[in-house]
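# Structure at a glance
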Amino acid sequence: MNLNRIAQMMLVVAAGTLCVVAAPVDTWSKLDNKELVERAKAAKSADEHLAVANQYEKRAIAFDAKAVEHEQESDKMTKRKNQSYNPLSSKWPAMVQGPIDRERGKALQARRAARESRELMAFHREQAAKLTSAAE
């Protein structure tokens with residue numbers, strides 16, 4: 001009976017591992033960024049510039065969402081740090097503050113990336129407007 005139970009547990013673990021491996025990767029990987037940069041460079045018409053601008057806008061929204069997630073996580077960590085006694089906080093305060101600072105840094109990076117995406121979005125919308133007015 002125990003061997004049957006162990007076999008069932010191994011099957012569950014194997015299925016869980018396959019689900020993790022088969023999970024979709026992040027939408028904005030470096031390859032997607034490269035493709036977007038290539039499309040931005042190749043954009044010649046107003047429609048192409050608008051399509052690239054829309055992609056940059058979606059990217060900025062995604063980065064803003066990531067920043068909010070990181071800020072919320074750092075707030076949770078700070079609250080936990082203040083609510084309970086941690087013996088490391090007196091001897092090695094950096095070990096307690098380190099993960100909080102890392103989350104805040106990730107939030108800052110996401111905000112910067114969102115700002116850069118919005119700047120590129122504005123640029124491509126300006127280019128589309130110029131091409132539209134020149135065509136009239």
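These remarks concern the structure in this document. (Residues numbered from 1 in each chain as written. Predicted model: local features only at pLDDT ≥ 70, side-chain atom pairs only at ≥ 80, totals over all residues. Heavy atoms only, no water.)

### Comments concerning the overall build of the protein chain
Summing up its helical and strand segments, the protein chain has 5 helices and 0 strands in all. Starting at the N terminus and walking to the C terminus, you meet the elements of the protein chain as α-α-α-α-α. Approximately 10,400 Å² of the protein chain is accessible, and the part contributed by carbon and sulfur atoms is 60%. (Helix = DSSP H or I, 4+ residues; strand = E, 2+ residues; numbered from the N terminus. Areas by Shrake-Rupley, 256 points an atom, 1.4 Å probe, with all protein chains shown as cover.)

### Side note on the nonpolar core
Counting 6 residues, the largest nonpolar core is built from Leu36, Ala40, Val52, Ala53, Tyr56 and Met121. Secondary structure elements with two or more residues in this core: α2 (30-42) and α3 (46-83). Beyond its immediate chain neighbours, meaning those up to four positions away, Ala53 contacts Met121, His124 and Arg125. (Core = buried A, V, L, I, M, F, W, Y, C linked by side-chain atoms within 4.5 Å. Buried < 20%, exposed > 50% of the residue type's maximum accessible area, 1.4 Å probe, protein only. Contact = heavy atoms within 4.5 Å.)

### Let's talk about the side chain of Ser74
The residue Ser74 is located in helix α3 in this model. Judged by relative accessible area, Ser74 falls into the buried class, the value being 2%.

### Here we look at the environment of Arg39
Within the element layout of this structure, Arg39 appears in helix α2. Overall, Arg39 belongs to the exposed group, its relative accessible area being 53%. As a C-alpha pair, Arg39 and Ala51 span 12 residues in sequence and 9.2 Å in three-dimensional space.

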